[in-house]
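For reference, the chains in residue letters:
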Amino acid sequence: MGSRSRGGRHLLLLLLHLLSLHSSLLPWAAVSAAGGGGSGDPYVGVTIGTAVTNLLSPSDLAEFLRAQRITHVRLYDADPRMLSALASSGARAIVGVPNDELLALGSSPATASAWVARRVLPYAGANSSTPGLIAAIAVGDEVPTALPSALPVLLPAIQSLAAALAAANLSSIPVSTPLPFSVVLDPFPPSQAFFNQSLAKSFILPLLSHLANTSAPLMLNLYPYYSMMQSNGVIPLDNALFKPLPPSLEMVDPNTLLHYTNVFDAMLDAVHVAVKNLNATGGGGPVPVLVTETGWPSYGDRRAEPYATRDNADAYNSNLIKHVNDKPGTPMRPGAQASVYIYELFNEDLRPGPVSEANWGLFHGNGTPVYLLHVSGAGGFLANDTTDRTFCIASDDADEKAVQAAMDWACGPGRTDCTAIQPGQGCYEPNDVRSHASFAFDSYYQSQGKAAGSCYFQGVGMVTTTDPSHDSCIFPGSKLLSNVTKSDGANTTTAQTSDAEGSAIWRLRTGRETGFLFILRWLLSLSVVLITTNSNFWT
């Protein structure tokens, strides 16, 4: 865990837990108790990669998931330490078989049985009435493109693992393999899509037949981001981000006359058409689709990946969550909404490759959000969805004289009520410029209705979602405020929290806890991306 102190991590998790008490339940926690089979009500989960500097320990990660109310995760292996920790988190996990283990599992049913006994049985809930931790098994990852030499043993590995699960009375745990969307050719418009002919009959058709017979989903990694990037301007950004377009600019499939309001649904319907064209049949009926990866990078090379921005990542993932929660299905399959896993929980800063490879996460490795999801009104999806709960404070790296000048303006010409930071008042301590200025800045910011620019203060103010209230000092923007009337009729402000909790939050914000500084710090910005086109996407 590097130099990060264990006590510091636990304070972060305490703060996340306190914040989550004031947040709505996540639809990915509340929508479904189903596992990873693609059946039942749709849900949103997250993938967890481990190429992260100072990744949280398994126990801390489990606590983090509980605090964020994330109950569906996809792991890329079946690490017993991780599974043991997650067993108490309330989450259900798709566990992965790495590509380098395919040969052993695909060539030896005995090895597959041993793998199930060691990696699945202890966490499967076989001896209890409650669902186990293991929701599904993902065998390999994008094998046709990532490791084509292992393709001959992929289906045997899937079949051997499924047989081992059935022998252990765990056939309810589906086994499948995440495929890249690139196995679908000519996907736009969806009605003309088909599977790569070199794979269709030799691999995909028998795979689909097996999945149908075992009631397992077709797992797909599906990225509208890459489809848009490769379209050379044909696909507008707004359509990739689930943003509404004028009817004249909507995608229309000329063969079915179906209208597509977003690229995600068009890609799913392309998969449905490709599956139908293979005429795969089985005893389990139609094969459902489970999206095992989708997402949008928040940062990339400015020239090579200009659309990899925080605003776009926020828009895509926020709108994706709303889309799944609304359960619209696709134009070809109304109401049949696929469940999805957002790639990914943490920025994997150790991943090689393009700049964007390290910037797909919803959170930094230390647990602070990379950006704020905007999903208010859609069930309250994430404990970091605090779009209605922001504060303005003094920036840590701002010049102290500039901070003092800005505070003087706020308490003077800005007509901010700065009584609370006067000697003897509740926010006088700690008696330093930044602390006093933060209260003054937030007072002005809240009095202006959090209007754009009201937290600028010549560059020394910053917006944060961390409540800066501490001890008896309650900031104006705090949702912990409660006006109560004293017996003498005077009004006073009290906090719905303990001094200990307030002190913990303050220590985190100011970095007084030894080891590291945890402060949620972002400047919220508004950007409008205008995409213009005069032609239908597919003509």
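Rules used throughout
Residues numbered from 1 in each chain as written. Predicted model: local features only at pLDDT ≥ 70, side-chain atom pairs only at ≥ 80, totals over all residues. Heavy atoms only, no water. Helix = DSSP H or I, 4+ residues; strand = E, 2+ residues; numbered from the N terminus. Buried < 20%, exposed > 50% of the residue type's maximum accessible area, 1.4 Å probe, protein only. Areas by Shrake-Rupley, 256 points an atom, 1.4 Å probe, with all protein chains shown as cover. Pairing = 2+ DSSP bridges. pLDDT = per-residue confidence, 0-100. Contact = heavy atoms within 4.5 Å. Axes fitted to C-alpha atoms, helices over the stretch in contact; angles between N-to-C directions. Parallel < 35°, antiparallel > 145°, perpendicular 65-115°, else oblique. Nonpolar A, V, L, I, M, F, W, Y, C, P; charged D, E, K, R; others polar. Salt bridge = Lys/Arg side-chain N within 4 Å of Asp/Glu carboxyl O. Expected span 1.5 Å × (residues − 1). Core = buried A, V, L, I, M, F, W, Y, C linked by side-chain atoms within 4.5 Å. Arc of directions from axis to C-beta. Polar contact = N/O pair within 3.5 Å; in protein donor to acceptor, adjacent residues only side chain to side chain. Phe/Tyr/Trp six-rings, centres within 6.5 Å; stacked < 30°, edge-to-face > 60°. Right-handed = clockwise from strand over helix to strand, strands pointing away. Disulfide = S-S within 2.5 Å.

A. A look at the overall build of the protein chain. Check the secondary structure of the protein chain and you find 16 helices and 17 strands. Expressed as a percentage of its 539 residues, the buried residues of the protein chain come to 55%. Of the roughly 22300 Å² of accessible surface on the protein chain, a fraction of 52% belongs to carbon and sulfur atoms.

B. Broad picture of the sheet that holds strand β6 (residues 179-180). The strand order β5-β4-β3-β2-β1-β13-β12-β9-β6 describes an open sheet built from 9 strands, whose pairing is parallel. The open sheet is flanked by β5 (175-176) and β6, the only strands paired with a single partner. The pairing of strand β1 (residues 44-48) with strand β2 (residues 72-75) spans 3 bridges and is classified as parallel. From the neighbouring strand, Thr-47 faces β2, where its bridge partner is Arg-74.

C. Highlighting the confidence of the model for the protein chain. For the protein chain, the average pLDDT comes to 80, and 77% of its residues sit at 70 or higher. Predicted confidence for residues 1-35 stays below pLDDT 50, and this span has 107 contacts to residues more than four positions away or in other chains. Here residues 377-381 scores under 50 on pLDDT; set against residues more than four positions off or in separate chains, the count is 20 contacts.

D. Seen up close, the packing of helix α8 (residues 151-167) against helix α9 (residues 197-214). Look at α8 against α9: their axes get within 11 Å of each other, and the N-to-C directions meet at 10°. By the angle class used here, α8 and α9 are roughly parallel. In this structure, α8 contributes Leu-151, Leu-154, Leu-155, Ile-158, Gln-159 and Ala-162 to the contact, and α9 contributes Leu-199, Phe-203, Pro-206, Leu-207 and His-210. The class makeup of the residues in the contact of α8 with α9 is 9 nonpolar, 2 polar and no charged.

E. Quick look at the side chain of Asn-317. Mapping Asn-317 onto the fold places it in helix α13 (residues 310-326). Beyond its immediate chain neighbours, meaning those up to four positions away, Asn-317 contacts Gly-295, Trp-296, Ile-342, Leu-362, Tyr-371 and Leu-373.

F. Focus on the pattern of salt bridges. Within this structure, the stated rule accounts for 6 salt bridges. A salt bridge links Glu-63 to Arg-66, with the shortest nitrogen-to-oxygen separation between them at 2.6 Å. With a gap of 3 residues between them, Glu-63 and Arg-66 both fall in helix α3 (residues 58-68), about one helical turn apart. Measuring nitrogen to oxygen at the nearest pair gives 3.1 Å for the salt bridge that ties Arg-351 to Glu-357. Salt bridges here are not isolated pairs; linked through shared partners, they connect Arg-74, Asp-141 and Glu-293.

G. Region of the structure containing the pairing of strand β15 (residues 461-464). Side chains of β15 alternate between two faces, with Gly-461 and Val-463 and Met-462 and Thr-464 buried alike. Of the pairings in the sheet, the one linking strand β14 (residues 391-394) to β15 comprises 4 bridges and is antiparallel in character. Counted as the bridge partner of Phe-391 is Thr-464 from β15.

H. Summary view of α8. With 17 residues, α8 should reach 24 Å at 1.5 Å per residue; the first-to-last C-alpha distance of 25 Å fits that figure. Among all positions of α8, only Leu-151, Val-153, Leu-154, Leu-155, Ala-157, Ile-158, Ser-160, Leu-161, Ala-162, Ala-164 and Leu-165 are buried. Positive backbone phi, approximately 60°, marks Asn-169, located one or two places after α8.

I. Region of the structure containing the nonpolar core. Grouped together as the largest cluster of nonpolar side chains are 111 residues, with contacts concentrated most on Trp-115, Val-120, Ile-137, Val-139, Leu-161, Phe-195 and Leu-345. Judged by nonpolar contacts, the second largest core, of 23 residues, contains Cys-392, Ile-421, Tyr-445 and Cys-473.

J. Structural view of helix α14 (residues 400-411). The first and last C-alpha atoms of α14 sit 16 Å apart over 12 residues, in line with the 16 Å expected at 1.5 Å per residue. Among all positions in α14, only Val-403, Ala-406, Met-407 and Ala-410 are buried. The buried side chains of α14 occupy one side of the element, clustering within an arc of 100° when seen end-on. Contacts from the buried residues of α14 go to β14 and α15 (433-447). In this structure Asp-399 caps α14, since a side-chain oxygen of it lies 3.1 Å from the backbone nitrogen of Lys-401.

K. Quick look at the packing of aromatic side chains. Taken as a whole, this structure holds 19 aromatic pairs when the rule is applied. Both rings, one in Phe-242 and one in Phe-264, keep their centres 5.9 Å apart while their planes meet at 45°; by these two values the pair is tilted. Of the two residues, Phe-242 sits in the loop between α11 (237-240) and β10 (251-252) while Phe-264 sits in helix α12 (residues 263-278), which places them 22 residues apart along the sequence. Each member of the pair, Phe-242 as well as Phe-264, carries the same accessibility label: buried. With a centroid separation of 4.0 Å and 10° between ring planes, the pair formed by Phe-441 and Phe-457 is classed as stacked. In this pair, Phe-441 sits in helix α15 while Phe-457 sits in the loop between α15 and β15, placing the two residues 16 residues apart along the sequence. The exposure class of Phe-441 is buried, given its relative accessible area of 0%.

L. Structural detail: the pairing of β2. Of the two faces of β2, the one carrying His-72 and Arg-74 and the one carrying Val-73 and Leu-75 are both buried. As a crossover connection, the stretch from β1 through α3 into β2 is right-handed. For β2 and strand β3 (residues 92-97), the ladder comprises 3 bridges, and the chain directions are parallel. Residue pairing in the sheet places Val-73 in a bridge with Ala-93 of β3. In this region the chain leaves β2, passes through helix α4 (residues 80-86) and returns to the parallel neighbour β3; the handedness of that crossover is right-handed.

M. Structural view of unusual backbone geometry. Between Tyr-343 and the following residue, Glu-344, the backbone shows a cis peptide bond with an omega angle of 15°. On the secondary structure map, Glu-344 appears in the loop between β13 (340-342) and β14. The phi dihedral of Arg-69 falls on the positive side, at around 60°, and the residue is not glycine. Note on placement: Arg-69 falls in the loop between α3 and β2.

N. Quick look at the state of the cysteines. In total, this model carries 3 disulfides according to the counting rule given. What pairs with Cys-411 in a disulfide is Cys-418, and their sulfur atoms sit 1.9 Å apart. An S-S torsion of about -90° defines the bridge between Cys-411 and Cys-418 as left-handed. Judged by its relative accessible area of 32%, Cys-411 falls in the partly exposed class. With its sulfur 1.8 Å from that of its partner, Cys-427 forms a disulfide with Cys-473.

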